[in-house]
Amino acid sequence: MNYINFCALAVSAVLTFTSCEKDLLTETDDEETEVSGQSPKATAHLNIITRGSGDSPNQNAVADGRIYIFNEAGQCVDLLTTSESSNQTSSTLPAGTYTLYALGSSDLSHFVLPTKQQASPSSVITRAENQTMCDLLQKTVSVTLENGESVTQNIVLDHKVLCIDQLEIAGVPDNVTKVEVSVSPLYKSIQLDGSYVTTATESYKIELDKPISGDTWQATPAQMLFPSKGTPNIKVSFTTAKGVKSYSYTASEELPANHHFTISGTYTDNSGIALTGILTASDWGEDRTITFGFDELSNRIPVAGRSFNGNYVISVDETNRTALVRSANIEYVAPAANSSKNDWLSALNTAMAAVTKPANAVGDWRIPTYEEASVFVTDPSLSLYNADHSSAYFCLNGNALKWIQAQHLNTTPVVNTGDTFVSTIKFRAVITITY
């Protein structure tokens, strides 16, 4: 198979702003700089040095950097660049407070970046056409400059991508001719201010290599990707002479940036596939482990507390062969502060109406009841790793909109509710399906 070429990985990066001695500009008309919203006298000098953190500058260096400088009026007044061979740049600015949006990568040509004239905090950064994703680091800081002042400002950039190092499936039957693994949904763009664009997502699919001997198919892409939007779906597909058979699973938590992933699984005729995902820090974030599991049974008969065709099962009615399943995370537009409960209900109903229903659905998506939400908030397998509490979710207690959250998941769960709403409350709808 054809392999993807990947950019070198910058483990971590620091932008250091340091000062140089400079005489004050004389106050003549020729030496005044007209900058809208700022003093016309550019008397503060900023010399910028980019380097990697740690004891190995060559390993950790930022090969390609950009610094967008915005004034208090929200205008981009300067765009500075750094490189591996020339890691210093400077700007002379009038006194004032500035916001610095810093970007770093091994090669920023893999991204579409805004020009100085186009730039705003909400400018969208996407992967360039026909380019693979490189490591992308970002950070936003503010700095205040006084007349004639020299300022040193250190910035530690954050990784805004994750890295899939390796994928493998063992126990693949002899009659399989192709194995593919896909992960979705993933963010596909990010703003200059470091927030991800929620309106568009993409999938990552990779074909594994067939071994010369043995039954373990592998791939080692070391592929950089934006993190998942909500809890992702992982699908493994086997191709045989009879066609394609897929096994799907919805992870119990989001796949965050700043981590390396290894995903491995084993197929057995009786049990199907069990996938294990391992998060390692590799000098990025803290060590974490996530376990993925699904089998042949979960693709035929729903089981409460497990995944069925990519959705978490809340309850099963074996007599009527129906099941109540939960959606993936639903993005909604939060009402303004001090809005009424009806405004919040309207926002949730609008977002829910846009979610695609399962093919075997009965009725429509709806907000879960207190009892139904209690099932998944008290399930410790759905909480963040090593956390002792669930997220807060919307639910209905009778006709009243509430939020619900469970604490002490590792001991005796305690369920709390409330009716004061903020945009960080998560929204999962439920729907009945047949099987």
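Computed from a predicted model, the values in this text were never measured in an experiment.

Engineer: Go over the confidence of the model for the chain with me, naming the residues and quoting the values.
Structural biologist: Looking at the chain, the pLDDT average stands at 78 and 76% of residues meet or exceed 70. Confidence scores differ between elements of the chain, with strand S1 (residues 13-18) showing the lowest mean pLDDT of 38 and strand S13 (residues 189-191) the highest of 97. The low-confidence segment residues 50-59, where pLDDT is below 50, has 21 contacts with residues more than four positions distant or belonging to other chains. This stretch, residues 287-291, has a pLDDT under 50; its non-local contacts, to residues over four places away or in other chains, come to 22 contacts.

Engineer: Please give an account of helix H2 (residues 341-353) that cites residues and values.
Structural biologist: Look at H2: 18 Å from first C-alpha to last across 13 residues, which is about the 18 Å you get at 1.5 Å a residue. Those residues of H2 lying buried are Trp 344, Leu 345, Ala 347, Leu 348, Ala 351 and Met 352. Down the axis, H2 shows its buried residues gathered within 160° of arc, on one side only. Opposite the packed face of H2, turned more than 90 degrees from it, sit the exposed residues Asn 342, Thr 350 and Ala 353. Those residues of H2 hidden inside the fold are in contact with strand S25 (361-366), strand S26 (393-397) and strand S27 (400-407).

Engineer: Please provide a residue-by-residue account of the sheet that holds strand S7 (residues 111-112), values included.
Structural biologist: Across the sheet, three strands lie side by side as S7-S8-S13; this open sheet has antiparallel pairing. Strands at the two margins of the open sheet, each flanked by one partner only, are S7 and S13. Looking at chain direction, strand S8 (residues 124-127) and S13 are connected through three bridges and run antiparallel. Across the sheet, the residue bridging to Ile 125 is Ile 190, located in S13.

Engineer: Lay out the packing of aromatic side chains in plain terms, naming residues and giving numbers.
Structural biologist: Counted according to the given criterion, the structure contains ten aromatic pairs. Centre to centre, the rings of Phe 70 and Tyr 101 are 5.2 Å apart; their planes meet at 85°, and the pair counts as edge-to-face. With Phe 70 in strand S3 (residues 64-70) and Tyr 101 in strand S6 (residues 96-105), this pair connects stretches of sequence that are 31 residues apart. Given the relative accessible area of 2%, Phe 70 is considered buried. For the pair Tyr 332 and Trp 344, a centre-to-centre distance of 6.3 Å together with 65° between the ring planes defines the contact as edge-to-face. Here Tyr 332, found in the loop between strand S24 (322-326) and H2, pairs with Trp 344, found in helix H2; they are twelve residues apart in sequence, far enough to count as distant. In textbook terms, an aromatic cluster arises when at least three aromatic residues are bridged by ring pairs, as seen for Tyr 332, Trp 344, Phe 394, Phe 421 and Phe 427.

Calculation rules
Residues numbered from 1 in each chain as written. Predicted model: local features only at pLDDT ≥ 70, side-chain atom pairs only at ≥ 80, totals over all residues. Heavy atoms only, no water. pLDDT = per-residue confidence, 0-100. Helix = DSSP H or I, 4+ residues; strand = E, 2+ residues; numbered from the N terminus. Contact = heavy atoms within 4.5 Å. Expected span 1.5 Å × (residues − 1). Buried < 20%, exposed > 50% of the residue type's maximum accessible area, 1.4 Å probe, protein only. Arc of directions from axis to C-beta. Pairing = 2+ DSSP bridges. Phe/Tyr/Trp six-rings, centres within 6.5 Å; stacked < 30°, edge-to-face > 60°.

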